[in-house]
Amino acid sequence: MNRQMLETIISFLKIIGEILGAALLAFFVLVGAIDPADFSHATPAITPPHSVEEQQERVIDETKVPEKVAVETSIPETQTSDIADLTERVKKALSSFVPTAQPPDPDVLNEKARAALVNILCANEGGSPLGSITGSGMIIDPRGIILTNAHIGEYFLMEDYPRNGALDCVIRMGAPAAIAYDAKLLYISPDWIRDNARAVLEENPEGTGENDFALLHITSSRTQTPLPSQFLYISPDASGATLIEKAPVLLASYPAGFLGGIIIQKELWPASAVSSIVQLYTFKTGSIDLISVGGSIIAQKGSSGSGVLDIGTGKMVALVSTTSAGDTTDARDLNAITLAHINRSISADLSIDLQTFLAGNPATQAILFSQTLFPTLREFLLQELKK
């Protein structure tokens, strides 16, 4: 840029204020509001990402970091006659500019996560071949829809076997967890039931986590407090856009791996931990279906069904499903199926995505499920129990 041109620009900027003008010009050059065609040489563009398939395969199978690329930052010469047009386009861009949303405050996000966190306790009231279990879940809709694991949701299929009330499944909340609500099974993966029914009686079942999800709907209060008009919840994100290695995440659950039955019933407290995505996995298609988030206090029994929240957006991106063995929680590796995987599974089963499913009437959907899939899936489990 020659000296005469520089002096012309400085004079122009003084008209609108030296500080504001310089800031605006620098900003809009950086964000691309100024058309590179105005200059004799364009600044190199950032290389676009790989296609979805290439990117997923690359992220899942490789850990290479792209090489650094030098970027030209000098502003070539332009013409004085272009300044008026440039000014108008800067003003137009400024009028339509919307600031990028700031990430949620970590402390606030932690409070929100715990407010939407539930403990699911199913107690054997006598006669049931199934033992008592405790697990976690996350409210993902203001009408009280809970996302949890299928290996927890299957107990709702068996509440009335071999007699009514043989299993008592209840939703608990708070610190410590206290009985709060009743819930009905809204949906459970038929593929998971079909592939895992044989493990219904195993104390420590093994699995990959594939299709290990269920949806519950809170239907009534177990206390004198009526149902709220809206539940506190964490929005689900099934896009998979933030599933990147080293991305920070927040985990929240009701861990119970080192507690006895009496303590679980009376003194079960929620826990949360900040971690990061360690590894990305696929089940079969090259898509990101499972993530590992390392070891933490969450890596123990009772945390199944807990939420993995992206710290940048505050949304739930994965559902804790399995953990590796280890003498301590830090030595274990906690795995979570992605909401993108759950979304693909629901789409394959129902021909609608998760968002569309959640937009429906949960009471109607629960009735429809109980009249169609419920009897068939329950029979799968009964056949295994009768062997």
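Everything discussed here concerns the structure shown above.
Residues numbered from 1 in each chain as written. Predicted model: local features only at pLDDT ≥ 70, side-chain atom pairs only at ≥ 80, totals over all residues. Heavy atoms only, no water.

Trainee: Could you give an account of the pairing of strand E12 (residues 316–323), naming the residues involved and the relevant values?
Mentor: With seven of its eight residues buried, E12 lies for the most part within the structure. Where strand E11 (residues 307–310) lies against E12, three bridges are found, and the strand directions are antiparallel. When the sheet's bridge partners are listed, Leu 309 is paired in E12 with Met 316. Between the antiparallel neighbours E11 and E12 lie five residues, among them Gly 314 with a positive phi of about 80°. The pairing of E12 with strand E13 (residues 334–338) spans five bridges and is antiparallel. The residue of E13 that forms the bridge with Thr 322 is Asn 335. (Buried < 20%, exposed > 50% of the residue type's maximum accessible area, 1.4 Å probe, protein only. Helix = DSSP H or I, 4+ residues; strand = E, 2+ residues; numbered from the N terminus. Pairing = 2+ DSSP bridges.)

Trainee: Could you give an account of the side chain of Thr 134, naming the residues involved and the relevant values?
Mentor: Of note, Thr 134 is situated in strand E2 (residues 133–141). One polar contact links Thr 134 to Asn 119, side chain to side chain, over a distance of 2.8 Å. (Polar contact = N/O pair within 3.5 Å; in protein donor to acceptor, adjacent residues only side chain to side chain.)

Trainee: Before we move on, can you summarise helix H9 (residues 339–350) with the specific residues and values?
Mentor: The end-to-end C-alpha distance of H9 is 16 Å, a good match for the 16 Å that 12 residues give at a rise of 1.5 Å each. Turning to H9, its buried residues number three or more, namely Leu 339, Ala 340, His 341, Ile 342, Asn 343, Ser 345 and Ile 346. Tucked inside the fold, the buried residues of H9 contact strand E3 (145–148), strand E6 (214–221), E12, E13 and helix H10 (354–359). At the C-terminal side of H9, Ser 351 shows a positive phi close to 65°. (Expected span 1.5 Å × (residues − 1). Contact = heavy atoms within 4.5 Å.)

Trainee: Lay out the sheet that holds strand E9 (residues 279–281) in plain terms, naming residues and giving numbers.
Mentor: Sheet strands associate in pairs through backbone hydrogen bonding, adopting either a parallel or an antiparallel arrangement. Taken in spatial order, the seven strands make up an open sheet running E8-E7-E11-E12-E13-E10-E9, and their pairing is antiparallel. For this open sheet the edge positions go to strand E8 (271–276) and E9, each flanked by a neighbour on one side alone. If you compare each strand with its neighbour and ignore which way they point, the axes differ by 30° on average. Two strands pair when backbone bridges link them, and strand E7 (residues 248–253) and E11 are joined in this way by four bridges, in the antiparallel orientation. Of the residues in E11, the one forming a bridge with Val 249 is Asp 310. Helix H5 (residues 106–116) contacts E7, E8 and E11 of the sheet and is inclined by roughly 35° relative to E7. (Axes fitted to C-alpha atoms, helices over the stretch in contact; angles between N-to-C directions.)

Trainee: Outline helix H12 (residues 373–385), supporting the account with residue identities and numerical values.
Mentor: An ideal rise of 1.5 Å per residue puts 18 Å on 13 residues; H12 measures up with 19 Å between its terminal C-alpha atoms. Along H12, the residues classified as buried are Leu 377, Leu 381, Leu 382 and Leu 385. Taken around the axis of H12, the buried residues stretch over an arc of 145°, which confines them to a single face. Packed against the buried residues of H12 are helix H6 (150–157), strand E5 (178–188), helix H7 (190–196) and helix H11 (362–371). (Arc of directions from axis to C-beta.)

Trainee: I'd like a description of the packing of H11 against H12, backed by residues and values.
Mentor: One can describe the packing of H11 onto H12 by two numbers: an axis separation of 3 Å at closest approach and a directional angle of 50°. Considering their axes alone, H11 and H12 lie oblique with respect to each other. The segment H11 lies against H12, with Phe 369, Ser 370 and Gln 371 engaging Leu 373, Phe 374, Pro 375 and Leu 377. Partitioned by chemical class, the residues of the contact of H11 with H12 number five nonpolar, two polar and no charged. (Parallel < 35°, antiparallel > 145°, perpendicular 65-115°, else oblique. Nonpolar A, V, L, I, M, F, W, Y, C, P; charged D, E, K, R; others polar.)

Trainee: Kindly report on unusual backbone geometry, identifying the contributing residues and their values.
Mentor: Residues Tyr 161 and Pro 162 are joined by a peptide bond in cis, for which omega reads 0°. Summarising the element assignment, Pro 162 is placed in the loop between H6 and strand E4 (167–173). The amide bond that connects Ala 175 to the next residue, Pro 176, takes the cis arrangement and shows omega of 0°. Take Pro 176: it is sitting in the loop between E4 and E5. The phi torsion at Asn 211 lies on the positive side, around 60°, for a residue other than glycine. The phi dihedral of Ser 351 falls on the positive side, at around 65°, and the residue is not glycine. Inspection of the secondary structure assignment puts Ser 351 in the loop between H9 and H10.

Trainee: Would you mind going over the pattern of salt bridges in detail, with residue names and values included?
Mentor: Side-chain pairs of opposite charge can arise whenever the charged atoms involved come near each other. Enumeration over the complete set of coordinates arrives at seven salt bridges. Where Arg 143 meets Asp 141, a salt bridge forms, and the shortest distance between an N and an O atom there is 2.8 Å. Exposure remark for Arg 143: the relative accessible area of 32% places this residue in the partly exposed category. The exposure class assigned to Asp 141 is buried, which follows from its relative accessible area of 9%. A salt bridge links Asp 289 to Arg 344; the shortest N-O distance between them is 2.7 Å. With a gap of 55 residues between them, Asp 289 in the loop between E9 and strand E10 (290–292) and Arg 344 in helix H9 connect regions that are remote in the sequence. Since its relative accessible area comes to 3%, Asp 289 is described here as buried. With a relative accessible area of 35%, Arg 344 lands in the partly exposed category. (Salt bridge = Lys/Arg side-chain N within 4 Å of Asp/Glu carboxyl O.)

No statement about biological role is implied by the geometric values presented.
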